[in-house]
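Residues per chain, in single letters:
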Amino acid sequence: MVHRLLILGCRTMRDGVVVSAIFFVAALLLFTAVRYVLPDLAYLQQIVLFFALVLIILAPVVLISTFLLSVIPGARERLDKCEH
């Protein structure tokens, strides 16, 4: 099961980069919403800010883990067949 999760292909590589970008943009939007849109109502700003911080931390984690999976021996042969 774990070996199956560590298999990196062309689609998985693209998905990792896209998910990382989505997390980063969503975090920026949440930061902006906390600053300019949300009212100061019963810890609502702190809750949204917490989710923004989680997303801003997860974005590089996903990107770094995708990179680390791509440098595992044997992954280069699978990635060489990709059309970039």
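Residues numbered from 1 in each chain as written. Predicted model: local features only at pLDDT ≥ 70, side-chain atom pairs only at ≥ 80, totals over all residues. Heavy atoms only, no water.

Now for the overall build of the chain. For the chain, the count of helices and strands is four helices and zero strands. Helices (α) and strands (β) of the chain occur, in sequence order from the N terminus, as α-α-α-α. When each of the 84 residues of the chain is scored for burial, the buried share is 19%. Summarising the internal contacts of the chain: among those between residues at least 6 apart in sequence, 70% fall at separations of at least 24. (Helix = DSSP H or I, 4+ residues; strand = E, 2+ residues; numbered from the N terminus. Buried < 20%, exposed > 50% of the residue type's maximum accessible area, 1.4 Å probe, protein only. Contact = heavy atoms within 4.5 Å.)

Take the packing of helix α2 (residues 10-36) against helix α3 (residues 44-70) next. Relative orientation and spacing of two packed helices are given, respectively, by the angle between their axes and the distance between those axes. At a minimum axis distance of 8 Å, the contact between α2 and α3 shows a crossing angle of 160°. On the basis of their axis angle, the class for α2 and α3 is roughly antiparallel. The two elements α2 and α3 meet at a crossing, and its hand is left-handed. Its residues assigned to classes, the contact of α2 with α3 comprises 22 nonpolar, five polar and no charged. (Axes fitted to C-alpha atoms, helices over the stretch in contact; angles between N-to-C directions. Parallel < 35°, antiparallel > 145°, perpendicular 65-115°, else oblique. Left-handed = near helix turned anticlockwise from the far one by under 90°. Nonpolar A, V, L, I, M, F, W, Y, C, P; charged D, E, K, R; others polar.)

Following the UniProt record, one finds the feature "transmembrane region" (unreviewed entry) at residues 16-38 and 44-71. Along residues 44-71 one finds 96% helix and 0% strand; the C-alpha atoms at either end are 42 Å apart. (UniProt positions renumbered as here; feature names shortened; annotations may be inferred.)

There is a patch of nonpolar side chains on the surface, built from Tyr-43, Ile-47, Phe-50, Phe-51, Val-54, Ile-57, Leu-58 and Val-61 and spanning about 800 Å² of accessible area. Locating Phe-50 in the fold gives a position in helix α3. (Patch = residues over 30% accessible without salt bridge, like charges linked within 9 Å, V, L, I, M, F, W, Y side chains within 5 Å. Areas by Shrake-Rupley, 256 points an atom, 1.4 Å probe, with all protein chains shown as cover. Salt bridge = Lys/Arg side-chain N within 4 Å of Asp/Glu carboxyl O.)

Mapped onto the elements of the fold, Leu-28 is located in helix α2. On the basis of relative accessibility, which here comes to 40%, the residue Leu-28 falls in the partly exposed class.

As a further point, take the confidence of the model for the chain. Taken over all residues, the pLDDT of the chain has a mean of 83, while the share at 70 or more is 76%. Across the chain, element-level confidence peaks in α3 with a mean pLDDT of 92 and bottoms out in helix α1 (residues 2-5) with 54. (pLDDT = per-residue confidence, 0-100.)

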